[in-house]
Amino acid sequence: MFKQSLTAIAAVLAVSAVPVTASAQSFLESTGLGDIDPWGVGTISRADGALPLTMWEGSTTEDLLPLFARLNPRGLTPTMNTFLRRVLLSPSRAPEGAGADQLLAQRMRLIWSLGELEAYEEIARQLPNADGILSTREARIEMQFLRGNLASACSNVRASTEANAYLYAARAGCFALEGNYSSANLALELAAELGTPDPWITTAIGAMQTMPAEPTERDIERLPAASFASGLTTALSLAGNFPVRDESFQGLNPGFAREISGRNDISRVLRIQMADVATFAGLMTTQERSSAYRLEPVPAPPLPVAGEALAETEAPDINAPVNALDEALQLAADRGTEEADLVVAIRRALAQSGSNTVHFSENARLLLPVMTRLRDLDALGQSGEYFAIAAFAAGDQRQATRFQRVSEIEGGPEPDLFLKAWVDGLRVLSGTDRSPASARLASTQLAQAASGDGQTAAAAELLYSLLMVDGVLSHEARDFLSGTAGDTLSEGDQLDIQTQILLTSGLRGGSTGEGLLRLVSALGRRPDTYAPEDIVDVIELLRATGYTTEARALAVEALGFHQIRN
């Protein structure tokens, strides 16, 4: 045992105690941020939406630190997600005040949390070392672990001259992947002396070390759940065949999800789950997500051996539907599927989105090629207007119009006049249709068709947004809004007066970065829960400060436009 310990110590020291040259020592000691302006480093240009260099003018680090610290980029609407990316990835002049190091670390944390891993690595490469910021080497190692490039990741780990908890934990992981558990355990002890490594890594390495060559079902049940919290934990999870459970996805970085979904050594189920996470965070295109939903080739059954009977065991279905969306896509690929069954499956897949507008829109985009093939009026039934909303969400106005007109065809279903007017109103509000005549017609039809509390409140919000964005409403719509329907505009969560003041002063006073971050903090996830009158105030503010396109997009998101009203 003593000899094994000496061997392990030698192995760890061989990859960690690399001599540091005088020039390297000088670089490592130059950790102050005054050598360069780290805020001047960005990855997007003005052509790509970068904000002005002066976006922090009038903002102080004392005001920004708590704002940055409470921001969580998960689950943002597309408009808010885009605003946050533009703020974080734009080069700028540094904010004034003390605490620049902490604020920069928060900026880098948010870039990493957004899943912008390559942007993080690019920015980190141009920054001096600083506490709280994952170095460019560590970011590269994480990317290599995520992509399954274990040899490259471990080579970079061993080549590192740095000594910190992460790198020693990574060394432990590399040793464990090689089956060298004595060295792995020693590296974990060194990691613990330098910081607090993820305790899951210790548990995982212990489980890998004690796992028998032929594990029983009970052995597998006792394994820790797979963890995708980092590239390192992902590598250990997949190498150890740890079971994927619900907790495996808690706090999953969408950038990690994108990288994992592109691997060829994972199950179809996991590939789809990861692709969904990345897509909903705006990191994967519809085409890339469609590829993740592809069917796997079914392996041929084993050939019989002469004189032996084949065991009658049923192989698991590797292409079993993962979710309602997958089921609809597989039905669409089956030429024998009845169109009525396909319509039901599509509706079920869209309904799976619940109140989440992002999920609905992305699922609609993936289903759009299937919906364009629908022709059977009897099969469509009362789904025409609902599919029109889905086509609008997917960005195909031609198909939205086609589904709207299903009820106009002889023999078609009875029209849903409210939903028909609703889609027309969405076109005008989004800016797809800029005709004043269309605005008047849509507003008239919406006011006339609304019935019941749900439709009345929804129509009032859309019409009020139309009035403020386009300034065009019909006489009937104005009467509708100025009546009892207008009372609903104050219903919902309220933006407190302090937030409104800080928003307005930031955007109108030139502190663009702070103003947009306060907007993301306030409305980022569920703008549809806020009172329409407050949303419209924000829309007017955005339009007045040059964000007209974003104002329209926010107005549509705040409607929760895909939810059927009664």
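Look a little higher up for the structure.
Conventions adopted
Residues numbered from 1 in each chain as written. Predicted model: local features only at pLDDT ≥ 70, side-chain atom pairs only at ≥ 80, totals over all residues. Heavy atoms only, no water. Phe/Tyr/Trp six-rings, centres within 6.5 Å; stacked < 30°, edge-to-face > 60°. Helix = DSSP H or I, 4+ residues; strand = E, 2+ residues; numbered from the N terminus. Buried < 20%, exposed > 50% of the residue type's maximum accessible area, 1.4 Å probe, protein only. Lys NZ or Arg CZ within 6 Å of the ring centre and 35° of its normal. Lys, Arg positive; Asp, Glu negative; His and termini not counted. Salt bridge = Lys/Arg side-chain N within 4 Å of Asp/Glu carboxyl O. Axes fitted to C-alpha atoms, helices over the stretch in contact; angles between N-to-C directions. Parallel < 35°, antiparallel > 145°, perpendicular 65-115°, else oblique. Left-handed = near helix turned anticlockwise from the far one by under 90°. Contact = heavy atoms within 4.5 Å. Nonpolar A, V, L, I, M, F, W, Y, C, P; charged D, E, K, R; others polar.

A.B. asks: In this structure, what is going on with the packing of aromatic side chains? I would like to understand it.
C.D. replies: The geometry of an aromatic ring pair is captured by the separation of the ring centres together with the interplanar angle, meaning the angle of the planes. In the structure shown here, the tally under the stated rule is 14 aromatic pairs. Between Trp112 and Phe256, the aromatic rings sit 5.8 Å apart at their centres with planes inclined by 80 degrees, giving edge-to-face as the arrangement. In this pair, Trp112 is assigned in helix 5 (residues 100-113) and Phe256 in helix 14 (residues 254-261), connecting sequence segments 144 residues apart. Residue class for Phe256 comes out buried when judged on its relative accessible area of 2%. Ring geometry for Tyr386 against Phe387: centres 6.4 Å apart, planes inclined by 35 degrees, an arrangement best described as tilted. In textbook terms, an aromatic cluster arises when at least three aromatic residues are bridged by ring pairs, as seen for Phe360, Tyr386, Phe387, Phe392, Phe403 and Phe561. Lying over the aromatic face of Phe403, Arg402 brings its terminal NZ or CZ to 4.5 Å of the ring centre.

A.B. asks: Teacher, can you tell me more about the side chain of Glu138 here?
C.D. replies: With respect to the secondary-structure elements, Glu138 resides in helix 7 (residues 136-147). One buried charge, Glu138, has no salt-bridge partner; the nearest side chain with opposite charge is Arg137, at 7.9 Å.

A.B. asks: How do you make sense of the packing of helix 11 (residues 199-210) against helix 13 (residues 231-239) when you look at a structure like this?
C.D. replies: Axis angle and axis distance: for two packed helices, these are the angle between their axes and the distance between the axes, and together they describe the pair. Where helix 11 contacts helix 13, the axes come no closer than 11 Å and their chain directions differ by 20 degrees. Comparing their axes, helix 13 and helix 11 come out roughly parallel. As for how helix 11 packs across helix 13, the hand of that crossing is left-handed. Touching Trp200, Ile201, Ile205 and Met208 of helix 11 are Leu232, Thr233, Leu236 and Ser237, all from helix 13. Its residues assigned to classes, the contact of helix 11 with helix 13 comprises six nonpolar, two polar and no charged.

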